[in-house]
Amino acid sequence: MTFFNTDITWLLDVYILLILGYAILIMSSYLILAYLSQKELRAYLKKNSFVDYEVLLTSEFAPKLSLIAPAYNEGLTIEENVKSLLSLNYNNYQVIVVNDGSKDNSMEILIKTYDLVLGDFAIHPKIETKKIKGIYTSRNAAFKKLIVVDKENGGKADALNVGLNIAQNPYVVCIDVDCILDKDSLLKLAKPFLESQGKRIIATGGVVRIANQCIIKNGRLVEVNIPDVMLPRIQVLEYLRAFLLGRMAWGRLDGLLLISGAFGAFDKEIAILSGGYSTKTVGEDMELIVRMRRYMLENKLPYAVSYIPDPLCWTEAPEDFTIFKKQRSRWMRGTIETLSFHKKMFLNPKYKLLGMLSVPYWTLFEFLAPGIEFVGLVITVIFILFGLLNWHFFLLLLLFVYSFAVFFSVIALFSEERTYHKYPKQTDFFKLLMAAFIEPIYFHPLTVYSALIGYKEKIMGTKGWGEMTRKGFAKK
Amino acid sequence: MNLWELYKSGEWEIPFLTFSIYLFVLASFVFYLIIVGSRNRNIKREKRRLEYDVLIEKVLSSVIFQDVLYSEIKKDKNFLVLFDTNFFREVLTETLINLHKNYEGVYAQKLEQFYKDSGLIKDSFKKLKNFKWEIKCKGITELAEFNIKEAFNQIIACAKARNKTLKITAINAGIKLEGTKGIVHLTEHDDIIDEWTQVNIISAFKKHDIGDTKGVELLLESQNTTVVSLGLKLIKELKLTQKVPFVAELSTNAPNATIKYEAQSVLQALTV
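In this text the structure is predicted, and so the values were computed from the model without any measurement.

**Considering the overall build of chain B**
Within chain B one finds 14 helices and zero strands. Its C-alpha atoms give chain B a radius of gyration of 27 Å, clearly above 19 Å, the size a compact globule of 272 residues would have. Projected onto its principal axes, the C-alpha positions of chain B cover 85 × 65 × 30 Å. The buried share of chain B, reckoned over its 272 residues, is 33%.

Put into structure tokens, the structure is as follows:
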């Protein structure tokens, strides 16, 4: 090989081959997943065009759901958010708002708005949690679905566990209280629980999309817009890539390791038998799914996790880098913690596809990827310093990665165009297309940097979520 | 130089990278063109749909309110030219179905007559014979909406399909057309009838207000426990107290504990 200006060693050759091999491996896996996702998505949409969700609205056999919404210092928006949860299209459901020791006036607002009084609840907690100060129900019949739990602060996972202990229905839907839900989201989320044929459906999840700059009216999304600010705009594209081109395929393979904490439904019995949400990780959503799957596999119980590609939940993405960094470093910590808790599953045939494919994939491409990129960067700098770098090859390699990233984003746009077409305005489409070109040089380095911060935080033993301030949605 | 020689010579990386870059750029451009093309097509289609809507509304309101027959409408050459296009017929059928859902009595009958006279019914039968299940479903939905009872046997044959969506669509259509005759064949059904299908069947009974429930009890005799469960749910949801003796018998001779429990719960709901 003649890539280097000086006498080269076989080590340098190996290094080049490893970098190239890793890039090819990651790209091929993305393309395979994208292909599977497209197939699954088309089949789903074809099937869904004949589905009448209204049948669930009038049926007493519709799965009974308990919505659990943990709230911490949400005083500014809690009144409207709870109202929107109470007005979803579904009959058999209750809403459990868990006030996780908020320091603001969330509790006072809830008591006043919903005419709450302390109720007489006999709880037999199956999962250990922080102390509950009181459980409230409304005197107003219009809010009979609502239960508000006031508890000592214990974090999101602890609040969700309180909800699991209190929920009266067999299925729980865990949501972020500040998310905007589609009116029919519960109907769509509940349907898979009725479709099990010999396999128990232990969880269902839907697609989460970015709501920055979208117009919200009475707690419902009425106009979809693409953010003007570049950071959230690229996150729109990133979510399209992740949900439309990635998770759908994992759903098809039944190897999904993550159902977004923002909106997912679970079989309560299995969630409790698996031990509920872990308070030892900040990635409690991913960890629970892995543990529930592990529980079913270890007990040889046939099961499935269902995934719905419809955009059911809209959330606000961080608009400034500081918040973004906190979010992504936390995601990385959550991934490391989950993979480390369940390292036994890694390449273990006992855990079937999960152990042989999903967990290794997450380890190699989600957990290790930022580290590998960082090491690559350091070695490249060393090569430059020692005059070892073949610039021609290096620039070609950069262009190779860049062109693939743009190509993959265009596939995501193509997929969105052929399926949900949520961004019909021409300007929005071009904004996203522009984002596809900027993403590899602006957004990707930020995600890698944030992930490295996540590594560092994990090594330093940082715990907790950190403050996550939100800007709020535009209202009509 | 062929690929293998290139690889063996150890000089493959540069050509590989160059080729891949060209490929990604070209593929991105092709996808971009497809997206733009698809957007333009959709815009044009929507425009045409709006134009058709105006004409279709005019035609159908004359059918409903002025007793104009199809034989008169087809004298309009402009209409006939449009009627030859698939998209126009598609929009016309959709509008017709929506109107039919909103009207009852004489108005509904006039729309049914128009559906038959215009030949749209033939399109529906053609769809029913199509190999693609989604096209079959469309045909079934149309024929059931316009109460074409002659299609019942063909539709019910589709209820035995493996495809669940087709099965549900066909059973629902069968129930709309012939009531319980649309489900008695399920007694011989081997496949699992999942709860989603069951909920759809129950909903069809409620939606189409099927009064005559003769034959529902036959479901309780099936060897397929999911069919038995469907029968029990139907009896409970439709409050068929006349079927209590059949449920009582099932509760004593139930094939398994789950069915026994379900039968007892139905008995309790109907007798308390």
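**Points about the sheet that holds strand β4 (residues 132-138) of chain A**
All names here are of chain A. With mixed pairing, the 10 strands of this open sheet are ordered in space as β3-β4-β5-β2-β1-β6-β11-β8-β12-β7. Each having just a single partner strand, β3 (116-118) and β7 (180-181) make up the two edges of the open sheet. Bridging between β4 and strand β5 (residues 146-151) involves five bridges; their strand directions are antiparallel. Opposite tyrosine 136, over in β5, you have valine 148 as the bridge partner. Of the strands in this sheet, β1 (65-71), β2 (93-100), β4, β5 and β6 (171-175) are in contact with helix α5 (residues 156-166), which crosses β2 at around 140°.

**Thoughts on the environment of tyrosine 455 of chain A**
Residues and elements named next belong to chain A. Along the polypeptide, tyrosine 455 turns up in helix α15 (residues 443-460). Tyrosine 455 sits in the partly exposed class, given 17 other C-beta atoms within 10 Å. Contacts of tyrosine 455, omitting those with residues within four sequence positions, involve Met332 and Gly371.

**Notes on the UniProt feature "domain: Glycosyltransferase 2-like" (unreviewed entry) in chain A**
All names here are of chain A. Taking the numbering used here, the UniProt-annotated feature "domain: Glycosyltransferase 2-like" (unreviewed entry) corresponds to residues 66-145 and 171-405. A helix fraction of 21% and a strand fraction of 30% characterise residues 66-145, whose end C-alpha atoms lie 9 Å from each other. The span residues 171-405 is 53% helix and 18% strand, and its two end C-alpha atoms sit 39 Å from each other.

**Describing the packing of helix α10 (residues 164-178) of chain B against helix α11 (residues 195-207) of chain B**
Residues and elements named next belong to chain B. It is at 9 Å that the axes of α10 and α11 come closest, and there the two elements cross at 20°. Taken together, the axis directions place α10 and α11 in an arrangement best described as roughly parallel. Of the two possible hands of crossing, α10 and α11 adopt the one that is right-handed. Contacts between α10 and α11 involve Lys164, Lys167, Ile168, Ile171, Asn172, Ile175 and Lys176 from the first element and Thr197, Asn200, Ile201, Ala204 and Phe205 from the second. Along the lines of polarity and charge, the residues of the contact of α10 with α11 split into six nonpolar, three polar and three charged.

**Examining the interface of chain A and chain B**
Across the contact, 31 residues belong to chain A and 32 residues belong to chain B. Looking at the side of chain A that touches chain B, the elements with two or more residues in it are α1 (10-48), α2 (54-57), α6 (185-194) and α13 (391-418) of chain A. When its residues are assigned to classes, the side of chain A that touches chain B shows 19 nonpolar, five polar and seven charged.

**Concerning the UniProt feature "transmembrane region" (unreviewed entry) in chain A**
All names here are of chain A. UniProt marks residues 14-36, 353-386 and 392-415 with the feature "transmembrane region" (unreviewed entry), using the numbering shown here. Note that residues 353-386 is 94% helix and 0% strand, and that its end C-alpha atoms are spaced 45 Å apart. Here residues 392-415 is 100% helix and 0% strand, with 34 Å between the C-alpha atoms at its ends.

**Describing the packing of helix α10 (residues 321-341) of chain A against α15 of chain A**
Residues and elements named next belong to chain A. Packing of α10 against α15 brings their axes to within 7 Å, and their N-to-C directions diverge by 55°. Between α10 and α15, the crossing angle belongs to the class labelled oblique. Handedness of the α10/α15 crossing: right-handed. In this structure, α10 uses Phe321, Phe324, Lys325, Arg328, Ser329, Met332, Arg333 and Ile336 to contact α15, whose residues at the interface are Leu446, Thr447, Ser450, Ala451, Ile453, Gly454, Tyr455, Glu457 and Lys458. Of the residues in the contact of α10 with α15, the class split is eight nonpolar, four polar and five charged.

**As for the confidence of the model for chain B**
Residues and elements named next belong to chain B. In this model, chain B carries a mean pLDDT of 93, and residues with pLDDT of at least 70 account for 97%. Within chain B, the lowest mean pLDDT, 66, falls on helix α1 (residues 3-8), and the highest, 97, falls on helix α8 (residues 133-145). Model confidence for the complex: the whole-complex pTM is 0.90, and ipTM, which rates the interface, is 0.89.

**Considering the pairing of β6 of chain A**
Residues and elements named next belong to chain A. For β6, the buried fraction is high: five of the five residues fall into the buried class. Every second residue of β6 is oriented toward a common face, with Tyr171, Val173 and Ile175 on one face and Val172 and Cys174 on the other, all of them buried. With four bridges connecting them, β1 and β6 associate as parallel partners. Pairing of isoleucine 68 across the sheet is with cysteine 174, part of β6.

**A word on the pairing of strand β8 (residues 200-210) of chain A**
All names here are of chain A. Of all 11 residues making up β8, 10 are buried, and the element is well covered by its neighbours. Judged from the three bridges that link them, β8 and strand β11 (residues 263-267) form a sheet pairing that is antiparallel. Looking at the pairing, alanine 203 lines up with phenylalanine 266 of β11.

**Considerations on helix α3 (residues 78-86) of chain A**
Residues and elements named next belong to chain A. Every buried residue of α3 is accounted for by Ile78, Asn81, Val82 and Leu85. The buried residues of α3 occupy an angular sector of 95° when projected down its axis, which confines them to one face. Among the structural elements, β1, β2 and α4 (106-113) are those in contact with the buried residues of α3.

**Considerations on helix α5 (residues 86-102) of chain B**
Residues and elements named next belong to chain B. Relative to the 24 Å expected for 17 residues at 1.5 Å per residue, α5 spans 25 Å between its end C-alpha atoms, a close match to the ideal helical length. For α5, every residue scored as buried is listed here: Val91, Leu92, Thr93, Leu96, Leu99 and His100. Considering only its buried residues, α5 is in contact with α2 (13-65), α6 (105-117), α7 (120-129) and α8.

The rules we used
Residues numbered from 1 in each chain as written. Chains lettered and ligands numbered in written order. Predicted model: local features only at pLDDT ≥ 70, side-chain atom pairs only at ≥ 80, totals over all residues. Helix = DSSP H or I, 4+ residues; strand = E, 2+ residues; numbered from the N terminus. Rg over C-alpha atoms; globule rule 2.2 N^0.38 Å. Buried ≥ 20, exposed ≤ 12 C-beta atoms within 10 Å, placed from the backbone. Pairing = 2+ DSSP bridges. Contact = placed C-beta atoms within 7 Å. Axes fitted to C-alpha atoms, helices over the stretch in contact; angles between N-to-C directions. UniProt positions renumbered as here; feature names shortened; annotations may be inferred. Parallel < 35°, antiparallel > 145°, perpendicular 65-115°, else oblique. Left-handed = near helix turned anticlockwise from the far one by under 90°. Nonpolar A, V, L, I, M, F, W, Y, C, P; charged D, E, K, R; others polar. pLDDT = per-residue confidence, 0-100. Arc of directions from axis to C-beta. Expected span 1.5 Å × (residues − 1).

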